[in-house]
Amino acid sequence: MIQPVKAASPLMSKSMIAVIVAQFLSAFGDNALLFAALALIKQQLYPDWSQPVLQMAFVATYIILAPFVGQFADSFSKGRVMMVANLLKLAGAAVICAGLNPFLGYTLVGIGAAAYSPAKYGILGEIASGEQLVKANGLMEASTIAAILLGSVAGGALADWSILAALGICVLAYGAAVVANWFIPKLSPARPGQSWNPAKMSRTFFSACKTLWQDGETRFSLVGTSLFWGAGVTLRFLLVLWVPVALGITDNKTPTLLNAMVAVGIVLGAGAAAKLIRLDTVKRCLPAGVAIGIAVVVFALQTSMLSAYIVLVVVGILGGFFVVPLNALLQHRGKISVGAGNAIAVQNLGENTAMLLMLGLYSLVVMVGAPVVAIGIGFGVVFALAIAGLWIWKNMQKRRLA
């Protein structure tokens, strides 16, 4: 039986609680599994270059499946789509746990993650009203970051004790996420009855890309979020090289802790955005985007652990304040024009393409032997200029429409 969910329902409704719990468990499993799988391929004596290949396979699924997963999310009840996606993740973790090829298992998890993403964000627009949507996104981002922190630590710590135990925890987390998905009321499909012909689906997807790009507000959101997540994944790898050069520390734990500081900051920034920004004031997030680049420059010049921690928390706060309103804007406008699921699928294509491009550029700069501190400074300057350009573009667009 289809249960309607009223737009005016309280933010922390039964549906929202079930979504947030399922998201936490699913993201916890994703991050714990990454570190458990890395430990496994190291134990099995795979070459070092295979570690980034594991992550590339995961990201590639988002890009390859982008034309299809948005329609999948919009053609069925999104809570049930999330359940199917988590079942795929559960199957992938079980493949690795059973001693089969870890690359195959992790790719299967990536397929589940690609299908899960449009549904988890698209459902927010169906269970929260427009005025609550930024707050709902804040809850989603906070839940995700908390899961990243705890999942990463749990995966790494358990893998040091027992890789099988670490993999088993991932299976349990995905199983619990499936149970949480069951408690999401069965909502009506957003866009039922669409064709499942792959060629037609691809045309529909690229038509959605064109529609969203032609809308100034959604174009603004797509560019901003793609720049943010592309820069975020690049910063993660930059930290690994920066720590031994700037701090003289060569262990594996310190870069992880520094990444955790960014995650803590994002939680705080997401909370601030939920309180201070509405859909009609999204442009207020842009100064925080420029400040991210400036803060990265300041970070690259640090020489002590304490100051590095402080600056990275600030980077995270600015990041959360920047990206949460942009996500909410895309969900709101995308739901009206192409469907929330298709909008998030287009966003995933942009973000993951940006990740691959930025990581490729970063790898090239490292390959030619540029100093790590100089890379950090250049990275921060380029990001600040990019967001400043987005800000100018947004203002020029507003003047043309006035």
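Structure's up top.
What you see is a predicted model, and the numbers here were worked out from it, not measured in a lab.

**Quick look at the environment of Ala 177**
Reasoning step 1: With respect to the helices, strands and loops of the structure, Ala 177 is situated in helix α7 (residues 163-182).
Reasoning step 2: Sequence separation of Ala 177 and Ala 18 is 159 residues, and the distance between their C-alpha atoms is 9.2 Å.
Reasoning step 3: Dropping the residues within four chain positions of it, Ala 177 is found in contact with Ala 22, Leu 25, Ser 26 and Asn 86.

**So, the nonpolar core**
Reasoning step 1: Counting 114 residues, the largest nonpolar core has Val 19, Leu 33, Trp 242, Ile 292, Val 315 and Phe 322 as the members making the most contacts within it.
Reasoning step 2: When residues of this core are assigned to their parent elements, the largest contribution, 14 residues, is made by helix α1 (residues 14-43).
Reasoning step 3: Aside from chain neighbours lying at most four places away, what touches Ile 292 is Phe 228, Val 315, Leu 318, Gly 319, Phe 322 and Phe 383.

**Some remarks on a nonpolar patch on the surface**
Reasoning step 1: Residues Leu 361, Leu 364, Met 367 and Val 368 make up a contiguous nonpolar surface patch of about 470 Å² in total accessible area.
Reasoning step 2: Leu 364 gets classed as partly exposed once you look at its relative accessible area, which sits at 48%.

**Topic: the side chain of Gln 23**
Reasoning step 1: Along the polypeptide, Gln 23 turns up in helix α1.
Reasoning step 2: For Gln 23, the side chain forms a polar contact with the side chain of Thr 144, separated by 2.7 Å.
Reasoning step 3: Ignoring any residue separated from it by four or fewer positions in sequence, one finds Gln 23 in contact with Tyr 116, Lys 120, Met 140, Ser 143 and Thr 144.

**Here's the deal with the packing of aromatic side chains**
Reasoning step 1: Counted according to the given criterion, the structure contains 8 aromatic pairs.
Reasoning step 2: Grouping aromatic residues by their ring pairs yields a cluster made of Phe 58, Tyr 62 and Tyr 106.
Reasoning step 3: One cation-aromatic arrangement involves Arg 219 over Trp 213; the distance from NZ or CZ to the ring centre is 5.8 Å.

**Topic: the layout of surface pockets**
Reasoning step 1: Computed from the structure, the second largest pocket encloses a volume of approximately 320 Å³.
Reasoning step 2: Along its surface, the second largest pocket is lined by 14 residues, and Met 358, Leu 361, Gly 378, Phe 379 and Val 382 are the ones closest to its centre.
Reasoning step 3: The set of elements that each furnish at least two residues to the lining of the second largest pocket consists of α9 (216-246), α13 (340-367) and α14 (372-401).
Reasoning step 4: If one sorts the elements of the lining of the second largest pocket by residue count, α14 sits on top with 7 residues.

**So, helix α3 (residues 78-97)**
Reasoning step 1: Compared with the 28 Å implied by 1.5 Å per residue over 20 residues, the 28 Å span of α3 between its first and last C-alpha is a close match.
Reasoning step 2: Taken together, the buried positions of α3 are occupied by Lys 78, Gly 79, Val 81, Met 82, Met 83, Ala 85, Asn 86, Lys 89, Gly 92, Ala 93, Val 95 and Ile 96.
Reasoning step 3: After α3 finishes, the residue Gly 99 shows a positive phi value of roughly 90°.

**Quick notes on the packing of helix α11 (residues 286-300) against helix α12 (residues 305-337)**
Reasoning step 1: Running from N to C, α11 and α12 cross one another at 160°; their axes reach a closest spacing of 8 Å. Comparing their axes, α12 and α11 come out roughly antiparallel. Relative to α12, α11 is oriented so that their crossing is left-handed. Contacts between α11 and α12 involve Leu 286, Ala 288, Gly 289, Ala 291, Ile 292, Ala 295, Val 296, Val 298 and Phe 299 on the former and, on the latter, Ala 308, Val 311, Leu 312, Val 315, Leu 318, Gly 319, Phe 321 and Phe 322.
Reasoning step 2: A per-class count over the contact of α11 with α12 returns 15 nonpolar, 2 polar and no charged.

Calculation criteria
Residues numbered from 1 in each chain as written. Predicted model: local features only at pLDDT ≥ 70, side-chain atom pairs only at ≥ 80, totals over all residues. Heavy atoms only, no water. Helix = DSSP H or I, 4+ residues; strand = E, 2+ residues; numbered from the N terminus. Contact = heavy atoms within 4.5 Å. Core = buried A, V, L, I, M, F, W, Y, C linked by side-chain atoms within 4.5 Å. Buried < 20%, exposed > 50% of the residue type's maximum accessible area, 1.4 Å probe, protein only. Patch = residues over 30% accessible without salt bridge, like charges linked within 9 Å, V, L, I, M, F, W, Y side chains within 5 Å. Areas by Shrake-Rupley, 256 points an atom, 1.4 Å probe, with all protein chains shown as cover. Salt bridge = Lys/Arg side-chain N within 4 Å of Asp/Glu carboxyl O. Polar contact = N/O pair within 3.5 Å; in protein donor to acceptor, adjacent residues only side chain to side chain. Phe/Tyr/Trp six-rings, centres within 6.5 Å; stacked < 30°, edge-to-face > 60°. Lys NZ or Arg CZ within 6 Å of the ring centre and 35° of its normal. 1 Å grid on protein atoms, 1.4 Å probe; cavity = no way out; pocket = protein on both sides within 12 Å on 5 of 7 lines; lining within 4 Å. Points joined across faces, edges and corners; volume = space filled by probe spheres on them. Expected span 1.5 Å × (residues − 1). Axes fitted to C-alpha atoms, helices over the stretch in contact; angles between N-to-C directions. Parallel < 35°, antiparallel > 145°, perpendicular 65-115°, else oblique. Left-handed = near helix turned anticlockwise from the far one by under 90°. Nonpolar A, V, L, I, M, F, W, Y, C, P; charged D, E, K, R; others polar.

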